[in-house]
Amino acid sequence: METVFATVEDYKKRYGEPGDEERCKVLLSDATDQMLSAFEEVYGTYQEGVCAAFDRNAAAVCCLLVNRVLSAPAAMAGATQYSQGAGGYTASVTYGFALGEMYLGKTDLKRLGLNAQVRRALHPLERGEAE
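Residues numbered from 1 in each chain as written. Predicted model: local features only at pLDDT ≥ 70, side-chain atom pairs only at ≥ 80, totals over all residues. Heavy atoms only, no water.

**Student:** Sorry, what's going on with the packing of aromatic side chains here?
**Tutor:** Centre distance and the angle of the planes are the two values used to describe a pair of aromatic rings. Evaluated as defined, the whole model comprises 7 aromatic pairs. With a centroid separation of 5.3 Å and an interplanar angle of 75°, the aromatic rings of Phe5 and Phe54 are classed as edge-to-face. Of the two residues, Phe5 sits in the segment before helix H1 (8-15) while Phe54 sits in helix H3 (residues 52-70), which places them 49 residues apart along the sequence. There is no split in this pair, since Phe5 and Phe54 are both buried. Taking 4.9 Å as the distance between ring centres and 65° as the angle between the ring planes, the aromatic pair formed by Phe39 and Phe54 counts as edge-to-face. Pair noted here: Phe39 is in helix H2 (residues 21-43) and Phe54 is in helix H3, with a separation of 15 residues, a long-range link. Take Phe54: its relative accessible area is 0%, and that puts it in the buried class. Taken together, the ring pairs connect Phe5, Phe39, Tyr43, Tyr46 and Phe54 into an aromatic cluster. The ring of Tyr103 carries the charged tip of Arg68 above its face, separated from the ring centre by 4.4 Å. (Phe/Tyr/Trp six-rings, centres within 6.5 Å; stacked < 30°, edge-to-face > 60°. Helix = DSSP H or I, 4+ residues; strand = E, 2+ residues; numbered from the N terminus. Buried < 20%, exposed > 50% of the residue type's maximum accessible area, 1.4 Å probe, protein only. Lys NZ or Arg CZ within 6 Å of the ring centre and 35° of its normal.)

What follows is the structure, given as structure tokens:
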């Protein structure tokens, strides 16, 4: 069975009804994959209980990643700045991070317990130096 850290129901509880439930479901799967990749870089293959902070926050962070994608404006999706003026009126748009991209930021990694530097050491047996 495929691991998914959050369901569409989890998303609805946090952010309300998504416009397209099927897209939301696919994005939740994508977010899970991204979180699993980050976990594997630190701890190896995911197993529940290895990192309590990850287990406690996985559903919330998964929904947050999807909300960033679903909240991106459709028009001028990549805009970081735009301004227009006529007469005495001006309009300006700055979106910053609302690019519609899924990403794990520093705060997300900290929340998941994946921000610490990890030291790894292999025992002589693991290095093949002993029998």
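Next comes the rest of the write-up.
**Student:** Honestly, the packing of H2 against H3 in this entry has me stumped. Any pointers?
**Tutor:** To characterise two packed helices, one gives the angle between the axes of the helices and the distance between these axes. Closest axis-to-axis distance for the H2/H3 pair is 9 Å, and the angle between their directions is 130°. Classified by the angle between their axes, H2 and H3 sit oblique to one another. The handedness of the crossing between H2 and H3 comes out as right-handed. Taking contact as the criterion, the partners of Arg23, Cys24, Leu27, Leu28, Ala31, Thr32, Gln34, Met35 and Phe39 in H2 are, on H3, Phe54, Ala58, Val61, Cys62, Cys63, Leu65, Val66, Val69 and Leu70. (Axes fitted to C-alpha atoms, helices over the stretch in contact; angles between N-to-C directions. Parallel < 35°, antiparallel > 145°, perpendicular 65-115°, else oblique. Left-handed = near helix turned anticlockwise from the far one by under 90°. Contact = heavy atoms within 4.5 Å.)

**Student:** Looking at this model, I keep getting lost on the pattern of salt bridges. Mind explaining?
**Tutor:** A side chain with one charge may pair with a side chain of the opposite charge, provided their charged atoms come close. Summed over all chains, the structure comprises 4 salt bridges. The salt bridge involving Glu21 is made with Lys12; its shortest N-O contact spans 2.9 Å. What makes Glu21 partly exposed here is its relative accessible area of 37%. Residues participating in the shared-partner salt-bridge network are Glu9, Lys12, Glu17 and Glu21. (Salt bridge = Lys/Arg side-chain N within 4 Å of Asp/Glu carboxyl O.)

**Student:** What exactly am I supposed to notice about the state of the cysteines here?
**Tutor:** Cysteine pairs can be linked by a disulfide, which is a covalent bond between their two sulfur atoms. Scanning all chains against the criterion turns up 0 disulfides. Sulfur of Cys63: no disulfide; nearest cysteine sulfur belongs to Cys62 and is 5.9 Å away. A relative accessible area of 0% means that Cys63 is categorised as buried. (Disulfide = S-S within 2.5 Å.)

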